[in-house]
Amino acid sequence: MSNREWQFDGLVGPTHNYAGLATGNLAAAHNAGMVSNPRMAALQGLEKMLFVRNLGMKQAFLPPHYRPLVFELKRLGFLGSLGESLDAAYTQAPHLLAALYSSSFMWAANAATVTPSPDAADGKTHLTPANLTSHYHRSVEAAFSERLLNRIFHNKKLFSIHNALPPVELMADEGAANHMRVNNNDNKNSLNIFVYGKSHEVTLRTQKHPPRQQRAASEAIARLHGLDAEHIMLLQQSPEAIDRGVFHNDVIAMNTTRLMVVHEGAFIPEHQKKLAAYFAARPELQFFEVRADELSVEDAVSTYLFNSQLLELPDQTFALVSPSECSNHAGVRGVVDRLMGQGALHHVHYLDVRESMRNGGGPACLRLRIVLDAEREESLHPGVVLTDQKYLLLKKWVETHYRDRLQFSDLRDPAFVTELDAAYQALAELIGMPDLYDPWRGY
Ligand code: SUG
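As the structure is a computational prediction, the values presented were derived from the model and not from experiment.

A. Spotlight on the layout of surface pockets. What the largest pocket holds in volume is close to 770 Å³. In terms of lining, the largest pocket is formed by 38 residues, of which the most central are Arg 4, Glu 5, Thr 256, Thr 257 and Val 371. For the lining of the largest pocket, the secondary-structure elements that each account for two or more residues are strand S1 (3–10), strand S6 (179–182), strand S9 (253–256) and strand S15 (367–373). With 5 residues, S15 is the single largest residue contributor to the lining of the largest pocket. Among the residues forming the lining of the largest pocket, the class breakdown is 16 nonpolar, 14 polar and 8 charged.

Right, here's the structure in full:
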């Protein structure tokens, strides 16, 4: 049975804002406090989904998580009426209020790690929601991601949805942003690459920014998903790269099926060599190393070239969906020209996802890839599949419910919460999951 890679994009939430919450993420730190435009952010995301769908890819979306997390506010001791809780958090702990309003779930590449059924010992598709323990605003995503994945992939004969790993430093997990699957479209002997920034035995350490992914977490996921130990590779991120703003692997490496494009400074030298050797021994695969003299790590981070969506289209050509920040950069152009010249890449498209980019999230961050066969495709909850009609409905929903300006002081207003609640309930109906959200129960 043929397997196809689906793109599940995170639908940007109505509270998208710039709170500067993410350490080691240079764009998010730089844009902290800016006025955001949630409506524009969501529309840019929707346009990207439609564009990718029109390239011939299978496209679905993950509905936004409910924000603000009122339940969590109470848990932190901000008691009383809604207005009192918001006021107290706003004045006493603005960073906590911002965390509970964050739309960071939109970066679906961090929602879970996925193992397609052909790679798993039991023949099921495995998904483990990421615990995202590196940041409070991200850690609160795990519970709802688990709920959502169970609803979308509800057929338990075909899918195994695991619990997120224990939410502790030793098991810090950031999901598919640190995972790559290499496969020559035969779905046999796939190589599953897990990239980590820290482990109990790591000797090379960062100086400026904390690494996020723990090797022990990647190892636990490989075990849980029933991956064959012979087809796993664990690679350590270069600490220098992390210090230059490479907080996830998908900021410095990209791949799909048999094609891999990676910066020469992505991993510690020993692991960079190990990866190159794997590809060198397999001429059916394609490996491109981008040299620092073509594109520095700093420019890779500022343009987000490696956070382009690299797609193998149904006609077996390769397309790159890149952020518009890449379109005028000489170094990026050089790399793209080289890839095209060598026949590795056939199409390049530049899309505007600027609202997301300002928080350090490019086209690839916004999506989770899930390889599915026909039986699994048919088993999905249909409400989250992007069709032309669904696109129009979602667009109208965004235009009706999203603000085009949001700043921090708006977050203390209980009337905003009422407005948001109406948006979430309307979406739940629209996607055929009427009981998806219940803020008083914590989801
Ligand atoms: O975790 N930004 C996210 C961006 C995640 C990008 N994902 C991938 N590379 N796959 C993060 O750093 C910023 C939120 C704020 O500051 O308001 C934020 O969480």
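The rest of the description comes next.
B. Examining the site of the ligand more closely. Looking at the ligand, there are 21 residues lining it, with Leu 21, His 137, Arg 212, Asp 250 and Cys 365 nearest. Within the contact set of the ligand, a nitrogen atom lies 3.0 Å away from a side-chain nitrogen or oxygen of Asn 110. Against a free-state accessible area of 490 Å², the protein chains account for coverage of 99% of the ligand. Its residues placed into classes, the shell around the ligand shows 9 nonpolar, 9 polar and 3 charged.

C. Highlighting helix H8 (residues 215–224). Taken together, the buried positions of H8 are Ala 216, Ala 217, Ser 218, Ala 220, Ile 221 and Ala 222. Each element contacted by the buried residues of H8 is listed here: strand S3 (112–115), strand S4 (125–129), strand S7 (191–196) and strand S8 (232–236). Note on H8: the residue one or two positions beyond its end, Gly 226, has a positive phi of about 70°.

D. Focus on the sheet that holds S7. Across the sheet, which stays open at both edges, the 3 strands sit in the order S6-S7-S8 with mixed pairing between neighbours. In this open sheet, the two strands that pair with only one neighbour each are S6 and S8. Direction aside, the axes of adjacent strands within the sheet are offset by 20° on average. By the bridge criterion, 4 bridges tie S6 to S7 in an arrangement that is antiparallel. Among the inter-strand pairings, Arg 181 is bridged to a residue of S7, identified as Asn 192.

E. Examining the packing of aromatic side chains more closely. A complete count under the given rule lists 12 aromatic pairs for this structure. Note on Tyr 66 and Tyr 437: the rings are 6.0 Å apart at their centroids and 55° apart in plane angle, and the pair reads as tilted. With a gap of 371 residues between them, Tyr 66 in the loop between strand S2 (58–62) and helix H3 (70–75) and Tyr 437 in the segment after helix H16 (414–430) connect regions that are remote in the sequence. For Tyr 437, a relative accessible area of 4% gives the class buried. Ring centres of Tyr 101 and Phe 416 lie 6.0 Å apart, and the angle between their planes is 10°; on these two criteria the pair is classed as stacked.

F. Local environment of empty space enclosed by the protein. Overall, the coordinates contain 2 cavities of 30 Å³ or more when judged by the stated rule. Each pocket or cavity is described by its volume, and for the largest cavity that value is around 220 Å³. Lining the largest cavity are 24 residues, and of these Ala 22, Ser 104, Trp 107, His 137 and Asn 359 sit closest to its centre. Residue composition of the lining of the largest cavity, grouped by class: 9 nonpolar, 13 polar and 2 charged. As a volume, the second largest cavity reaches approximately 70 Å³. Gly 10, Leu 62, Pro 63, His 65, Phe 105, Trp 107, Asn 110, Ala 111, Arg 138, Glu 141, Ser 145 and Leu 148 are the residues that line the second largest cavity. In terms of residue class, the lining of the second largest cavity is made up of 6 nonpolar, 4 polar and 2 charged.

The rules behind each value
- Residues numbered from 1 in each chain as written.
- Predicted model: local features only at pLDDT ≥ 70, side-chain atom pairs only at ≥ 80, totals over all residues.
- Heavy atoms only, no water.
- 1 Å grid on protein atoms, 1.4 Å probe; cavity = no way out; pocket = protein on both sides within 12 Å on 5 of 7 lines; lining within 4 Å.
- Points joined across faces, edges and corners; volume = space filled by probe spheres on them.
- Helix = DSSP H or I, 4+ residues; strand = E, 2+ residues; numbered from the N terminus.
- Nonpolar A, V, L, I, M, F, W, Y, C, P; charged D, E, K, R; others polar.
- Near = heavy atom within 4 Å.
- Polar contact = N/O pair within 3.5 Å; in protein donor to acceptor, adjacent residues only side chain to side chain.
- Areas by Shrake-Rupley, 256 points an atom, 1.4 Å probe, with all protein chains shown as cover.
- Buried < 20%, exposed > 50% of the residue type's maximum accessible area, 1.4 Å probe, protein only.
- Contact = heavy atoms within 4.5 Å.
- Pairing = 2+ DSSP bridges.
- Axes fitted to C-alpha atoms, helices over the stretch in contact; angles between N-to-C directions.
- Phe/Tyr/Trp six-rings, centres within 6.5 Å; stacked < 30°, edge-to-face > 60°.

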